[in-house]
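Here's the letter readout for the chains.
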Amino acid sequence: MSQPKWMSLLGLATRAGKVISGEELVIKEVRNGKAKLVLLAEDASENTAKKITDKSLHYGIPLRRVTDRYTLGHLIGKEARVTIAVLDPGFAKKLITLLDES
């Protein structure tokens with residue numbers, strides 16, 4: 001079974017150095033306007049989900065809910081990650097397209 005295309009693209013964006021992870025870093029990049037897309041794990045705590053969602057909405061950054069924290073972390077070669085920000089507009093646009101299709 002092959003993984004969805006968005007997962008492969010996220011791995012590519014990570015190798016290109018266009019992805020950051022971790023709640024505080026993601027919020028910082030959203031505030032700075034550098035984040036072009038925020039990915040939030042479905043199993044994020046209510047508090048974290050609210051904080052990330054509110055910040056993304058306030059600053060007009062697209063937000064998508066995706067799989068669980070362990071898969072999200074694995075896709076970028078790290079331990080479990082609840083939230084990830086994509087910093088490159090090209091990667092972000094393509095990821096949004098792929099995520100909205102699935």
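Here is what the cut-offs are and how they apply
Residues numbered from 1 in each chain as written. Predicted model: local features only at pLDDT ≥ 70, side-chain atom pairs only at ≥ 80, totals over all residues. Heavy atoms only, no water. Helix = DSSP H or I, 4+ residues; strand = E, 2+ residues; numbered from the N terminus. Rg over C-alpha atoms; globule rule 2.2 N^0.38 Å. Buried < 20%, exposed > 50% of the residue type's maximum accessible area, 1.4 Å probe, protein only. Contact = heavy atoms within 4.5 Å. Areas by Shrake-Rupley, 256 points an atom, 1.4 Å probe, with all protein chains shown as cover. Lys, Arg positive; Asp, Glu negative; His and termini not counted. Charge placed at Lys NZ, Arg CZ, Asp CG, Glu CD. Pairing = 2+ DSSP bridges. Axes fitted to C-alpha atoms, helices over the stretch in contact; angles between N-to-C directions. Parallel < 35°, antiparallel > 145°, perpendicular 65-115°, else oblique. Left-handed = near helix turned anticlockwise from the far one by under 90°. Nonpolar A, V, L, I, M, F, W, Y, C, P; charged D, E, K, R; others polar. Expected span 1.5 Å × (residues − 1). Polar contact = N/O pair within 3.5 Å; in protein donor to acceptor, adjacent residues only side chain to side chain.

Examining the overall build of the protein
And then number 1: Looking only at helices and strands, one finds five helices and four strands in the protein.
And then number 2: In sequence order, the secondary structure elements of the protein are arranged as α-β-α-β-α-β-α-β-α.
And then number 3: For 102 residues, the compact-globule estimate of 2.2 N^0.38 gives 13 Å, and the protein sits close to it at 12 Å.
And then number 4: Looking at the 102 residues of the protein, the share that counts as buried comes to 40%.
And then number 5: In the protein, of all internal contacts separated by at least 6 residues, the share reaching a separation of at least 24 is 80%.
And then number 6: Counting every atom, the protein has about 5900 Å² of accessible surface; 52% of that belongs to carbon and sulfur.
And then number 7: Measuring between centres, the 17 positive side-chain charges of the protein sit 7 Å from its 12 negative side-chain charges.

Comments concerning the sheet that holds strand β3 (residues 63-66)
And then number 1: Spatial strand order, β1-β4-β2-β3: four strands in an open sheet with mixed pairing. The open sheet has two edge strands, β1 (19-21) and β3, and neither has a second partner. Pairwise comparison of adjacent strand axes, ignoring direction, gives a mean angle of 25° for this sheet.
And then number 2: Against the sheet, helix α1 (residues 5-15) engages β1, β2 (37-41), β3 and β4 (83-86), with an angle of about 95° to β1.
And then number 3: Packing against the sheet, helix α2 (residues 23-32) makes contact with β1, β2 and β4, and its axis sits at approximately 130° to β1.

A closer look at the packing of α1 against helix α5 (residues 89-101)
And then number 1: For the pair α1 and α5, the least separation of the axes is 9 Å and the interaxial angle reads 165°. Overall, the two elements α1 and α5 adopt an arrangement that is roughly antiparallel. Between α1 and α5 lies a crossing whose hand is left-handed. Across from Lys5, Trp6, Leu9, Leu10, Leu12 and Ala13 in α1, the residues of α5 making contact are Phe91, Lys94, Leu95, Leu98 and Leu99.
And then number 2: In terms of residue class, the contact of α1 with α5 is made up of nine nonpolar, no polar and two charged.

Overview of α5
A turn of α-helix holds 3.6 residues, and therefore any two residues three or four places apart point the same way.
And then number 1: With 13 residues, α5 should cover 18 Å at 1.5 Å per step; its first-to-last C-alpha distance of 18 Å lies within 8% of that length.
And then number 2: If you check which residues of α5 are buried, you get Phe91, Ala92, Leu95, Ile96, Leu98 and Leu99.
And then number 3: The inward-facing, buried residues of α5 contact α1, β2, β3 and β4.
And then number 4: Taking the backbone nitrogen of Gly90 as reference, a side-chain oxygen 3.0 Å away marks Asp88 as the first, capping residue of α5.

Here we look at the environment of Ile20
And then number 1: Examined against the element boundaries, Ile20 turns out to sit in strand β1.
And then number 2: The sequence separation of Ile20 and Ile84 amounts to 64 residues, and the corresponding C-alpha distance is 5.8 Å.
And then number 3: Among residues more than four places away in sequence, those in contact with Ile20 are Leu25, Val26, Glu29, Ile84, Ala85 and Leu87.

Fair warning: the whole summary comes from geometry, so function is off the table for now.
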